[in-house]
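An overview of the molecular structure
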Amino acid sequence: MGDVQMLMEMGFPKERAEYALKVTNNKGVEPAMEWLLAHVDEPIPQQPAVEEAPSTSNSEKVAGEAKSLKCDDCGKLCKDQGEVEFHAAKTGHSNFSESTEEKKPLTEEEKKQQLALIEEKLKQKRLEREERERQDALERERNRIKSGKDMSEARRRIEELEMKKIIEQRKREKAEEKAARERVKAQIEADKARRKASQTSPTAETPVASSSSVSSTTPTADASVKSPPKEYKETRIQVRLQDGSTLTETFNVNEQLSAVRVFIQMKTGNETPFGLMTTFPRKVFDCDDFEKPLSALGLVPSAVLIMTKVNV
């Protein structure tokens, strides 16, 4: 009922408004207005009307019969109760009374003005709909970009945490190595002081024996001063990737083989599982090997690792 009254308020006859809503399957005011504008001069099928038998009492009351309803607040004439309800909902007016004044149909000039107003409203509604669709598309695009940024930020934070773990582990290992070096240095100094004290002790009664003792102990001392095997603290690892390129990095010998794997993932961005192996001698590292230090795997002082595929 509201759609019919809205079309009537725009100047369309009630019969044409009802017929336009019917042929547009009651989809709303806008499709009905478009149909009415496209079929301005087209007649509509006449609906059979129920005839009422004229009575003497009705004919006598024609002269004084109420022909419309008038809004006492603004003076607007309404044809029937439906128009009254629509006007009341639209303006908030509530005072109406019967009137013998008949609501006149619109003139041709008024119809043209009404049609122009309707076309303007339709155009405005189309523009509003297009603007809503554009805003919705922009909002979807912003959400998509934000989601991509959030994923990138999460990946970056994970990489930073992994690198912080590696750096902290290296710092701990360096601190442990420094403490070990200090202990070894202190032990060497203590050994030197002990040997010096034993060598400078007086042996006046047997000077010859002392000299011979010194001469006899000299080769032994020379023999004990042999350079000990070099202890490597770092190792240089070269990794041959699957595309033929190489990566080179220096690691602490006490770092696990898993640190090399993390280094490869950080540099290549490869998140798929892969394995590592050596060729001379040939060895394919398994899951347990990744938890072992590089020194225990024989990858000191340098080594070449080859990146391999893992069958999942």
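Every chain is numbered independently, its residues counted from 1 as its sequence is written. For a predicted model such as this one, the threshold for reporting local features is a pLDDT of at least 70, and the threshold for listing and counting side-chain atom pairs is 80 or more; totals across whole chains, interfaces and linings nevertheless cover every residue. Side-chain numbers come from the whole structure's heavy atoms, not from hydrogens or water.

Helices and strands together make up the secondary structure of the chain, namely 8 helices and 8 strands. When each of the 312 residues of the chain is scored for burial, the buried share is 21%. Long-range contacts, defined here as pairs at least 24 residues apart, represent 59% of the contacts in the chain between residues at least 6 apart. Under the scheme used here, helices are H or I runs from DSSP no shorter than 4 residues and strands are E runs no shorter than 2 residues, and both carry numbers assigned from the N terminus. For every residue, the accessible area obtained with a 1.4 Å probe (protein chains only) is divided by the maximum for its type, and the residue is called buried under 20%, exposed over 50%, and partly exposed between those limits. Any two residues whose heavy atoms approach within 4.5 Å at even a single point are treated as in contact.

Interpretation of this model should avoid reading the predicted coordinates in detail wherever pLDDT is low. Per-residue confidence from the predictor is given as pLDDT, running between 0 and 100. Summary statistics for the chain give a mean pLDDT of 79 and a share of 83% for residues scoring 70 or more. A low-confidence stretch, residues 49-62 (pLDDT under 50), is modelled with 0 contacts involving residues beyond four sequence positions or located in other chains. Contacts for the low-pLDDT stretch residues 204-224, under 50 throughout, to residues beyond four places or in other chains number 1 contact.

Our next topic: the packing of helix 1 (residues 2-9) against helix 5 (residues 81-91). It is the contact of helix 1 with helix 5, at a shortest axis distance of 9 Å, that shows an interaxial angle of 85°. Considering their axes alone, helix 1 and helix 5 lie roughly perpendicular with respect to each other. In this structure, helix 1 uses Gly2, Gln5, Met6, Met8 and Glu9 to contact helix 5, whose residues at the interface are Gly82, Glu83, Phe86 and Lys90. Among the residues forming the contact of helix 1 with helix 5, the class breakdown is 3 nonpolar, 3 polar and 3 charged. Structural elements are reduced to axes, namely lines fitted to C-alpha atoms, with helices fitted over the stretch in contact, and the angle between N-to-C directions of any two is expressed from 0 to 180 degrees. What sets the label is the angle itself: under 35 degrees gives roughly parallel, over 145 gives roughly antiparallel, 65 to 115 gives roughly perpendicular, and the rest give oblique. Asp, Glu, Lys and Arg are counted as charged, while Ala, Val, Leu, Ile, Met, Phe, Trp, Tyr, Cys and Pro are counted as nonpolar; the rest, among them Gly, fall into the polar class.

For the rest of this paragraph, the subject is helix 1. Within the span of helix 1, buried status applies to Val4, Gln5, Leu7 and Met8. The buried residues of helix 1 all sit within an arc of 160° when viewed along its axis, so they share a single face. As for helix 1, its buried residues are in contact with helix 2 (14-23), helix 3 (29-38) and helix 5. Of the residues trailing helix 1, Gly11 is marked for its positive phi of about 110°. The reported arc concerns the directions from the helix axis to the C-beta atoms and nothing else.

Note: strand 4 (residues 234-240) against strand 5 (residues 246-252), 7 bridges, orientation antiparallel. In the strand pairing of strand 5, Arg236 is matched with Thr250. Strands were regarded as paired on the criterion that DSSP finds at least two bridges between them. Counted along the chain from strand 4 to the antiparallel partner strand 5, the turn is 5 residues long, and its residue Gly244 has a positive phi close to 95°.

Here we come to the sheet that holds strand 3 (residues 96-99). Here 3 strands make up an open sheet; going across it, the order is 2-1-3 and the pairing antiparallel. The strands lining the two open edges of the sheet, one partner per strand, are strand 2 (77-78) and strand 3. Relative to strand 2, strand 1 (residues 68-71) is paired through 2 bridges, and the arrangement is antiparallel. In the sheet register, Lys70 faces strand 2, and the bridge partner there is Leu77.

Time to look at helix 5. Within helix 5 the residues assigned to the buried category are Gly82, Glu83, Val84, Phe86 and His87. For helix 5, the secondary structure elements touched by its buried residues are helix 1, strand 1, strand 2 and strand 3. Gly92 sits one or two positions beyond helix 5 and adopts a positive phi of about 85°.

Within the secondary structure, Leu115 sits in helix 6 (residues 108-199). For the pair formed by Leu115 and Met10, sequence separation is 105 residues and the distance between their alpha carbons is 8.0 Å. Filtering out sequence-adjacent residues up to four positions away, Leu115 remains in contact with Phe12 and Leu37.

Tracing the backbone through its elements, the reader meets Asn270 in the loop between helix 8 (257-268) and strand 6 (274-279). Non-local contacts of Asn270, meaning those with residues more than four positions away in its chain, are made with Gln265 and Met307. Polar contacts, as counted here, are pairs of nitrogen or oxygen atoms within 3.5 Å of one another; within protein the pair requires one atom able to donate a hydrogen and one able to accept it, and residues that are adjacent in sequence qualify only if both atoms are side-chain atoms. There is a polar contact of 2.6 Å between the side chain of Asn270 and the side chain of Thr272.

A separate point is the pattern of salt bridges. When a carboxyl oxygen of Asp or Glu lies within 4 Å of a side-chain nitrogen of Lys or Arg, that pair is called a salt bridge. One pass over the full model with this rule turns up 15 salt bridges. Where Glu255 meets Arg170, a salt bridge forms, and the shortest distance between an N and an O atom there is 3.1 Å. Of this pair, Glu255 sits in the loop between strand 5 and helix 8 while Arg170 sits in helix 6, placing them 85 residues apart in sequence. Owing to a relative accessible area of 0%, Glu255 belongs among the buried residues under this scheme. Residue class for Arg170 comes out partly exposed when judged on its relative accessible area of 25%. The salt bridge partner of Asp191 is Arg194, with a shortest N-O separation of 2.3 Å.

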